[in-house]
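Observations on the three-dimensional arrangement
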Number of protein chains: 2
Amino acid sequence: MTGLTVIGFDADDTLWQNESFFRLTEDRFAELLADHVDGAHLKERLLEAEKKNVGHYGFGIKGFMLSMIETAVEVTEGRVDGRVIGQILEMGQEMLGHPVELLPHVEETLGVLSDRYPLVLITKGDLLHQEQKLAASGLGDLFAGVEIVSDKVPGVYARAFADHGGAERAMMVGNSMKSDVVPALAAGSWAVYVPHGLEWALEQAETPAGNPRYRELPDLGRLPAHVAAVAGD
Amino acid sequence: MTGLTVIGFDADDTLWQNESFFRLTEDRFAELLADHVDGAHLKERLLEAEKKNVGHYGFGIKGFMLSMIETAVEVTEGRVDGRVIGQILEMGQEMLGHPVELLPHVEETLGVLSDRYPLVLITKGDLLHQEQKLAASGLGDLFAGVEIVSDKVPGVYARAFADHGGAERAMMVGNSMKSDVVPALAAGSWAVYVPHGLEWALEQAETPAGNPRYRELPDLGRLPAHVAAVAGD
């Protein structure tokens, strides 16, 4: 008996597609500015702007839109056409309105696990947009709690799991080594890394190899068996 | 004995200045585009954009920045100078980094009331920015709970007060008739309206005259006496 009492899930690229929409939008952004600047260089400049701005914009599409606009102004030294700015706004608004695309095995895995454990959704990003995606996903009723946070640090996991037995009896599941795995392990939880394949550059971190509470799984379909093993069923 | 058990506070323009920074930025926005469009007309167009966008941007400065940029592109039919777009971004970033300016009587009133009641901060806007303002305000330790929400509807008050005796034993205090007073009354709470003088056009609503749980106060300095009267001390 190990006393697992609650399971936390990340949302973007753990339950539904996210990064792929950012990549597609970046490609369109590069096309829009192809007359001014090489695409690879533009994406580097955009990433620099995102890194610089994340401390006051936080995570999410609105900040991404603002960083694209800033990058467009800067790489063109102010010569960007106003209509291009309008197109960047439209691209961002399309992202905000995009239908939710669930990842494989999400529905059955959450269905099985929610019968046995309270599930908590722990995600960062724009508050309203994350709420809207959860509503559109149809998964809302499977979660006992939803925490939309500005950043994922160990204290966030301690608070999110406090009502359900505490972080040391919790398992966190997500696609970000930096945001889901490392801080959850630091809070004393089990952590399951389910790589998505597309990882935002700001979400990378070293693998906590050797930590007995850490496990990598190829997809969410394997999660119920791992949960059962941890719980000693 | 009426059983008051918890007091909720709005943040922007209830505890600290907010709308005034938006108004100053709107004035600067109008100056930037003075060669293209009359200031009053520009502000009308900006308000229209904000109304159109609030459903996917939510409340807060990032959405305001995006609506200013959209308005600048549209009123100039794409002829806006890229450097003007850069200046709009800078204005928004200045707003995000602006020091917190507490309103009169806030510190002593919260100090007195927090000795007798749990206080809950209930605010909408950008998650990260609201957290940063609360940290910068120095008021964080006075609150038993903080709820940053995407919109203020009766269910939000029911949830925010659930751990402290429920909405019917709660008092909500704020400067917005539409967001603080009307939905809190609908949830069964007492509500105190403390007008700020500057009201965003999207925050207006009719006064709930005649509701015995409603009271208007000129400033937060009067709140402890009103609380004592409600509590029957």
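Residues numbered from 1 in each chain as written. Chains lettered and ligands numbered in written order. Predicted model: local features only at pLDDT ≥ 70, side-chain atom pairs only at ≥ 80, totals over all residues.

Quick notes on the overall build of chain A
Broken down by element type, chain A carries 9 helices and 6 strands. At 19 Å, chain A has a C-alpha radius of gyration in line with the 17 Å of a compact globule built from 233 residues. By its C-alpha atoms, chain A is 65 × 35 × 30 Å across when sized along the principal axes. Taking all 233 residues of chain A together, the buried fraction comes to 44%. Put simply, of all contacts in chain A between residues at least 6 apart along the chain, 69% involve residues at least 24 apart. (Helix = DSSP H or I, 4+ residues; strand = E, 2+ residues; numbered from the N terminus. Rg over C-alpha atoms; globule rule 2.2 N^0.38 Å. Buried ≥ 20, exposed ≤ 12 C-beta atoms within 10 Å, placed from the backbone. Contact = placed C-beta atoms within 7 Å.)

Structural notes on helix α4 (residues 82-97) of chain B
Between its first and last C-alpha, α4 of chain B extends 23 Å over 16 residues, near the 22 Å set by a 1.5 Å rise per residue. Where α4 of chain B is concerned, the buried positions are Gly82, Val84, Ile85, Ile88, Leu89, Met91, Gly92, Met95 and Leu96 of chain B. Contact partners of the buried residues in α4 of chain B: α2 (39-57), α3 (61-75) and α4 (82-97) of chain A together with α1 (19-32), α3 (61-75) and α6 (127-137) of chain B. (Expected span 1.5 Å × (residues − 1).)

Structural notes on the sheet that holds strand β3 (residues 145-149) of chain B
The strands making up a sheet associate through hydrogen bonds between their backbones, and the pairing can be parallel or antiparallel. Residue and element names in this part refer to chain B. The 6 strands lie next to each other as β3-β2-β1-β4-β5-β6, forming an open sheet whose pairing is parallel. Two strands bound the open sheet, and with one partner strand each, they are β3 and β6 (214-216). Here the strands of the sheet are splayed against their neighbours by 20 degrees on average, with no regard to which way each runs. (Pairing = 2+ DSSP bridges. Axes fitted to C-alpha atoms, helices over the stretch in contact; angles between N-to-C directions.)

Considering the pairing of strand β5 (residues 190-193) of chain B
All names here are of chain B. Neither face of β5 is open: one carries Trp190 and Val192, the other Ala191 and Tyr193, and all of them are buried. The pairing of strand β4 (residues 170-174) with β5 spans 4 bridges and is parallel. When the bridges of β5 are listed, Gly174 appears paired with Tyr193. Note that the unit made of β4, helix α8 (residues 177-186) and β5 has a crossover that is right-handed. Bridge analysis of β5 against β6 gives 3 bridges, and the strand direction is parallel. Bridging across to β6, Val192 finds its partner in Arg215. (Right-handed = clockwise from strand over helix to strand, strands pointing away.)

So, unusual backbone geometry
Residue and element names in this part refer to chain B. The residue Asp13 is not glycine, and still its phi comes out positive at about 70 degrees. If you trace the backbone, Asp13 turns up in the loop between β1 (6-9) and α1. A residue is classified by how many C-beta atoms lie within 10 Å of it, and Asp13, with 23 of them, is buried. Located in the positive-phi region is His105, a residue other than glycine, with phi close to 70 degrees. Structurally, His105 can be placed in the loop between α4 and α5 (106-114).

Points about the relation of the copies chain A and chain B
Between the two copies of this chain, the relationship is a rotation about some axis together with a displacement along it. Here chain A sits on chain B after a turn of 180 degrees about the axis and a move of 0.0 Å along it, with an RMSD of 0.0 Å. The superposition of one copy onto the other is thereby described by a two-fold rotation axis. Here 100% of the interface residues in chain A have copies in chain B that are interface residues too; the copies meet face to matching face. (Least-squares fit on C-alpha atoms with pLDDT ≥ 70 in both.)

Some remarks on the sheet that holds strand β3 (residues 145-149) of chain A
Residue and element names in this part refer to chain A. Ordered in space as β3-β2-β1-β4-β5-β6, the 6 strands form an open sheet in which the pairing is parallel. Edge positions in the sheet fall to β3 and β6 (214-216), since each of these pairs with one other strand and no more. On average, adjacent strands in this sheet sit at an angle of 20 degrees to one another, irrespective of strand direction.

Describing α1 of chain B
All names here are of chain B. Taking 1.5 Å of rise per residue, the 14 residues of α1 would be expected to cover 20 Å, and the 20 Å separating its terminal C-alpha atoms lies within 8% of that figure. Within α1 the residues assigned to the buried category are Thr25, Phe29 and Leu32. Buried residues of α1 fall within an arc of 55 degrees about the axis and therefore sit on the same side. The outward face of α1, more than 90 degrees from its buried face, is lined by the exposed residues Arg23, Asp27 and Glu31. Packing partners of the buried residues in α1 comprise α3 and α4. (Arc of directions from axis to C-beta.)

What about the interface of chain A and chain B?
In this assembly, 29 residues from chain A lie in contact with 29 residues from chain B. Of all the secondary-structure elements, those providing two or more residues to the side of chain A that touches chain B are α2, α3, α4 and α6 (127-137) of chain A. Per element, the largest residue contribution to the side of chain A that touches chain B is 8 residues, and it comes from α4 of chain A. For the side of chain A that touches chain B, a count of residues per class yields 12 nonpolar, 10 polar and 7 charged. (Nonpolar A, V, L, I, M, F, W, Y, C, P; charged D, E, K, R; others polar.)

So, the packing of helix α1 (residues 19-32) of chain A against α4 of chain A
All names here are of chain A. Relative orientation of the contacting elements α1 and α4 amounts to 170 degrees, with a least axis distance of 11 Å. Classified by the angle between their axes, α1 and α4 sit roughly antiparallel to one another. Every residue of α4 that contacts α1 at Phe21, Thr25, Arg28, Phe29 and Leu32 is listed here: Val84, Gln87, Ile88, Met91 and Met95. Class assignment for the residues of the contact of α1 with α4 results in 7 nonpolar, 2 polar and 1 charged. (Parallel < 35°, antiparallel > 145°, perpendicular 65-115°, else oblique.)

Considerations on the domain arrangement of chain A
Residues and elements named next belong to chain A. When the domains of chain A are assigned, the result is domain 1 (6-16 + 100-231) and domain 2 (19-97). The distance between the C-alpha centroids of domain 1 and domain 2 comes to 29 Å. Contacts between the two partners involve 11 residues from domain 1 and, on the opposite side, 13 residues from domain 2. Its residues assigned to classes, the side of domain 1 that touches domain 2 comprises 4 nonpolar, 4 polar and 3 charged. (Domains from an automatic or database assignment.)

Details of the nonpolar core
Of all hydrophobic cores here, the largest spans 82 residues; its most connected members are Met171 of chain A together with Met171 of chain B. Discounting residues that sit within four places of it in the chain, Met171 of chain B has contacts with Leu4, Ile7, Gly8, Ser189, Trp190, Val192, Val227 and Val230 of chain B. Core analysis: the second largest hydrophobic core is formed by 46 residues, Tyr57 and Val80 of chain A together with Ala49 and Val73 of chain B among them. (Core = buried A, V, L, I, M, F, W, Y, C linked by C-beta atoms within 7 Å.)

What about the confidence of the model for chain A?
Confidence in the prediction of chain A, expressed as mean pLDDT, is 94, and 99% of residues score 70 or more. Across the interfaces of the predicted complex, the ipTM metric reaches 0.89, alongside a pTM of 0.90. (pLDDT = per-residue confidence, 0-100.)

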